[in-house]
Amino acid sequence: MALNQVKKAPEVLYLKFDNRYGLVMMAAAALALECYIHAPIVVRFRLRVFNKKFMQENFGEEHSKELKTALPDAGFPDMGNGRYSAKLSYKDWFQFNVAQRVHQNFLEAIGIIIPATLIAGVKFPVYAAAIGGIHFLGTTWALSWSFN
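None of these values were measured; they are calculated from a predicted model.

> Describe the overall build of the chain, and please don't skip the residues or the numbers.
Counting its secondary structure elements, the chain contains 4 helices and 0 strands. Taking 148 residues into account, the globule formula puts the C-alpha radius of gyration at 15 Å, and the chain, at 24 Å, lies well above it. Dimensions of the chain, computed from the C-alpha atoms along their principal axes, are close to 85 × 40 × 15 Å. Within the span of the chain, comprising 148 residues, buried residues form 32% of the whole. The contacts in the chain between residues at least 6 apart in sequence include a share of 73% that link residues at least 24 apart. By element, 66% of the accessible surface of the chain is carried by carbon and sulfur atoms, the whole surface being about 10,500 Å². Looking at the chain, you have 16 positive and 11 negative side-chain charges, and the mean spots of the two groups are 7 Å apart.

> I'd like a description of the side chain of Arg-46, backed by residues and values.
Relative to the helices and strands, Arg-46 resides in helix α1 (residues 21-49). This buried residue, Arg-46, is left without a salt bridge; Asp-78 holds the nearest opposite charge, at 6.0 Å. Non-local contacts of Arg-46, meaning those with residues more than four positions away in its chain, are made with Ala-74, Gly-75, Phe-76, Asp-78, Met-79, Phe-96 and Gln-100.

What counts, and where the lines are drawn
- Residues numbered from 1 in each chain as written.
- Predicted model: local features only at pLDDT ≥ 70, side-chain atom pairs only at ≥ 80, totals over all residues.
- Heavy atoms only, no water.
- Helix = DSSP H or I, 4+ residues; strand = E, 2+ residues; numbered from the N terminus.
- Rg over C-alpha atoms; globule rule 2.2 N^0.38 Å.
- Buried < 20%, exposed > 50% of the residue type's maximum accessible area, 1.4 Å probe, protein only.
- Contact = heavy atoms within 4.5 Å.
- Areas by Shrake-Rupley, 256 points an atom, 1.4 Å probe, with all protein chains shown as cover.
- Lys, Arg positive; Asp, Glu negative; His and termini not counted.
- Charge placed at Lys NZ, Arg CZ, Asp CG, Glu CD.
- Salt bridge = Lys/Arg side-chain N within 4 Å of Asp/Glu carboxyl O.

Pasting the structure below:
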């Protein structure tokens, strides 16, 4: 080959996936869907413990005096260990914190779990799909446990 002749690189990269990669995609989709399922469950719990009556009785006067604004809905910005939570019964505080922690742990891990599942699935589709499915079932169980 002459010096002025350079071989062109292919313009398209082809990846070959195992036929079972669909299982990996289903596991990743289930994990992404779970993210949308967790939030309303935790919000429902939050609305139960930080209802308008609770907020008004415990913080209405102080909030109005200090901030001159309406009380926030559902006890925001309290994430379970703040000023609003201090007035909850022990049972409500415990259950809310368990639900909040399960959801937060899920959010902290999901950015790693889904890409890792998809990447590992290229070489090990059955194992990646199984681990993704186990993670899905585990976090769903943990969230449902918080309501007992």
